[in-house]
Each structure stands twice: as structure tokens, then as C-alpha cells.
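Per-entry structural report
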Amino acid sequence: MEERTAEQLSKRKILSYTAKKRTVVATVAVVLSIVALCFVNLNSAIPLISIPIIAAAAFVVDKILILIRPDVYGKDMLRRGRTPIIATCTVVAVFTAICLLSGIVAFQLTLYAAKNSNVVQRFDTVDEAIEFIQDTSLKEKYVISVGDIPVEEKFNVYVTFTAKNGTASIADFNSYEDATLIDASTVSVKVKSYSEKLNGEEVYYYVLNEKCQSGGKIITVNNEVCVINNSHIFGAVLGAAFGAVAQIAILIVVYIVGIIAAIVPSEIYFEKLVRNEARAAEKAAEEQQE
């Protein structure tokens, strides 16, 4: 009778420990996920990074709690289950790491693109930037005459374009906000000009380059000289934001599908393994009774 009781307790111990193990691990994972979600207003990246790690860690811990209890499951079952457990835990951990790394890199690249979306071109010197921002492709067709540049912080300069072939086309000046056809061969354009300190030197320049209209100017950041155009920044930042959201959404879907594909078959396998061990314990108890 005592041997029978010992065998019955073994079966109950297997099923009881398995149920308690899963309940505790799942509860802790859910609580930690809720805590991570509480930080979404502080930093939206916290739950996006934390929850996949919590899910992967919960799965791995659940399986480790099987391996460390040969007294519950028996050495035979653990020998059969050790390799699948190690393989599945490795797949889950690596897949989680790859998805997280891909998401972080993609998000950082998107932020970098948004941050630098208003940069038209970078230069080594201020003189090179001035030459670029005052240049125009129309110089091939027109003789360019620049009006006086007043010594003011911000001002307008009138630039006259005279067609080399004698006939000017107003369509050539669609990039400019204020272009006026003076006569058949001459067009007057009003462009913005600036007087400011760049790298400790007072410089005066006008914005003639077609790429730099409606917000183009020269700036220096950490001794780097940049020509920027702020007129395009809103659309670029908006596009980058949508791109980041789309990338994250795709990675979330890929991760969920991948984790389900890895976890569900393994859980079915381990559930079958545990049940078989429990039935074996029950059968042994019955045989001893006989």
C-alpha cells in the first residue's frame, strides 16, 4: 500500500508541478509586461523592447524549470526532452535577439534620416558652401547679374537673368517664388540673402541654387558646414515617421508569427511528454497493486 501511495504521489507531483510552474511563469511574465507598458508615455521603446525579451525569457525559464527537476519528471524523460528543450530555447532566444536588433537598427536609421532630411549637402569649408548655394544650372542659358547685397542680417537680392540666345522663358524659373519677365530676353528673380557669422567669420551670401529655394541657408554644426533646405523637412519627417511605424509593425507581426511557430509545437511536444510520464507512473502504480 505504501508503494502504491508513493507512485500515486509521483503522478500527482508531475501534473501539479507542471501546472504550478506554468502558472507562476505566466503570471510573472504578464505582470512584467504590464509594468513595461506603464512606461510607454515615458519612452515608447521600453515596452517594444521589454515585452519580446519577457516573452522569450518566460519560455526559456519554463523549460529550465523542467530540466532542473529530475526528481519530478524522472531522468528518462529529461534525457528524451533535453535536446528538444535546448534547441527550442536557442531558437526562441536567437530569433528574439535578431528581431530586436533589426527593429532597433531600422528605427535608428529612420531617426537619422529624419534628423538629416533637411540637409542638401555637406562641405569642408564655408567658401565651398557659399559657392554651392549661389550657383545655378541656369548659368548655361543665361548671363547672370546680381544686385547689391545690403549689409543686413536678412534681406532680399534681385538677380537678373539675360538669355544668351535672346529669348527668356519664365518656365525656367519655376523653382523660384518670385520671378518676373522684364522683356523677351530678361527675367528678374528675387532671392533671399543672409549676413551671419559662420565658423567665427562674418559672411554675406544669396540663395540662388534651385535646390535651396524656400528655406535654404548655410549652417555649421560641430564645425561641419551644411547647406540645408527647411521647406522639405516636414514631409521628410512625416514620411520617416510613417516608415518607422511600418517597420516596427512588420517586425511585431513577424515576431509574433515566428514565436507562435516555435512555441506551439514545442508546447504540444512537452505536454505529450509530461502526460506520458504521468501515465507511466500511474501504470507502474497499478502494476505494483496487482
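This is a predicted model, so every value here is computed, not measured.

Tallying secondary structure elements over the protein gives six helices and eight strands in all. The secondary structure elements of the protein, listed N-terminal to C-terminal, are α-α-α-α-β-α-β-β-β-β-β-β-β-α. For the protein, the proportion of its 290 residues judged to be buried stands at 31%. Sequence separation of 24 or more characterises 61% of the internal contacts of the protein that already satisfy a separation of 6 or more. Of the accessible surface of the protein, which amounts to about 17200 Å², a share of 61% is contributed by carbon and sulfur atoms.

Another point: a nonpolar patch on the surface. On the surface, L48, I49, I53, I104, I252, I256, I260, V264 and I268 cluster together into a nonpolar patch covering about 740 Å² of accessible area. Contributions of two or more residues to the nonpolar patch are made by α2 (45-67) and α6 (233-289).

This model, assessed by the stated rule, comprises 13 salt bridges. A salt bridge links K63 to D62; the shortest N-O distance between them is 2.7 Å. Two residues, K190 and D178, come together in a salt bridge whose shortest N-O distance is 3.6 Å. Within this pair, whereas K190 is found in strand β5 (residues 186-198), its partner D178 is found in the loop between β3 (154-163) and β4 (179-183), the two being separated by twelve residues in sequence. The structure contains a network of salt bridges with shared partners spanning K21, R22, D62, K63, E267, E271 and R275.

With antiparallel pairing, the three strands of this open sheet are ordered in space as β1-β8-β7. Each edge of the open sheet is held by one strand with a lone partner, namely β1 (119-123) and β7 (216-221). Between one strand axis and the next, the sheet turns through 25° on average, direction left out of account. In this structure, β7 lies alongside strand β8 (residues 224-229), joined through six bridges in antiparallel fashion. Looking at the pairing, K217 lines up with I228 of β8.

For the coordinates displayed, the defined rule picks out ten aromatic pairs. Look at F123 and F132: their rings are 5.3 Å apart centre to centre, the planes differ by 45°, and that puts the pair in the tilted class. The pair F123 / F132 is uniform in exposure class, with both members buried. Over the face of the ring belonging to Y17 we find R69, whose NZ or CZ atom lies 4.8 Å from the ring centre.

It is worth spelling out the nonpolar core at this point. Membership of the largest hydrophobic core comes to 20 residues, with the highest contact counts inside it found for I14, I66, Y73, M77 and V92. Of all the elements in the fold, those that place two or more residues in this core are α1 (2-37), α2, α3 (70-73), α4 (75-115) and α6. In terms of residue count, the dominant contributor to this core is α6 (seven residues). Counting residues in each nonpolar core, the second largest holds 15 residues, with V126, F132, I133 and Y205 among its members.

This part covers helix α5 (residues 126-133). For α5, every residue scored as buried is listed here: V126, A129, I130, F132 and I133. Seen along its axis, α5 keeps its buried residues to an arc of 160°; they face one direction. For α5, exposure combined with an orientation more than 90 degrees from the buried face picks out D127 and E131.

In terms of strand pairing, β4 meets β5 through four bridges, oriented antiparallel. Within the sheet, the bridge partner assigned to L181 lies in β5 and is V187. In this structure, the hairpin formed by β4 and β5 is closed by a connection of two residues.

Together, D124, D127, E128, E131, E201 and E202 make up a region of like negative charge exposed at the surface. Looking at the negative patch, the elements that each hand over two or more residues are α5 and β6 (201-206). Per-element accounting of the negative patch gives the leading share, three residues, to α5. Tracing the sequence through the fold places E202 in strand β6.

Glancing now at the side chain of N229. Within the secondary structure layout, N229 lies in strand β8. Here K211 takes part through its backbone oxygen, which lies 2.7 Å from a polar atom of the side chain of N229. Within the structure, the side chain of N229 is placed 3.2 Å from the backbone oxygen of Q213, a separation counted as a polar contact. Beyond its immediate sequence surroundings of up to four residues, N229 is in contact with N118, V120, K211, C212, Q213, S214, G215 and G216.

Turning next to the environment of K217. Tracing the backbone through its elements, the reader meets K217 in strand β7. Assessed through its relative accessible area of 22%, K217 is described here as partly exposed. Separated by ten residues in the primary sequence, K217 and V207 have C-alpha atoms spaced 7.0 Å apart. Residues contacting K217, with those up to four places away along its chain left out, are I133, Y194, E196, Y205, C226, V227 and I228.

Turning our attention to α2. Given a rise of 1.5 Å per residue, 23 residues ought to cover 33 Å, and the 34 Å separating the end C-alpha atoms of α2 matches this to within 8%. Of the residues making up α2, those classed as buried are P47, P52, I54, A56, A58, F59, D62, K63 and I66.

Scoring rules and cut-offs
Residues numbered from 1 in each chain as written. Predicted model: local features only at pLDDT ≥ 70, side-chain atom pairs only at ≥ 80, totals over all residues. Heavy atoms only, no water. Helix = DSSP H or I, 4+ residues; strand = E, 2+ residues; numbered from the N terminus. Buried < 20%, exposed > 50% of the residue type's maximum accessible area, 1.4 Å probe, protein only. Contact = heavy atoms within 4.5 Å. Areas by Shrake-Rupley, 256 points an atom, 1.4 Å probe, with all protein chains shown as cover. Patch = residues over 30% accessible without salt bridge, like charges linked within 9 Å, V, L, I, M, F, W, Y side chains within 5 Å. Salt bridge = Lys/Arg side-chain N within 4 Å of Asp/Glu carboxyl O. Pairing = 2+ DSSP bridges. Axes fitted to C-alpha atoms, helices over the stretch in contact; angles between N-to-C directions. Phe/Tyr/Trp six-rings, centres within 6.5 Å; stacked < 30°, edge-to-face > 60°. Lys NZ or Arg CZ within 6 Å of the ring centre and 35° of its normal. Core = buried A, V, L, I, M, F, W, Y, C linked by side-chain atoms within 4.5 Å. Arc of directions from axis to C-beta. Lys, Arg positive; Asp, Glu negative; His and termini not counted. Charge placed at Lys NZ, Arg CZ, Asp CG, Glu CD. Polar contact = N/O pair within 3.5 Å; in protein donor to acceptor, adjacent residues only side chain to side chain. Expected span 1.5 Å × (residues − 1).

These figures capture arrangement, not role.
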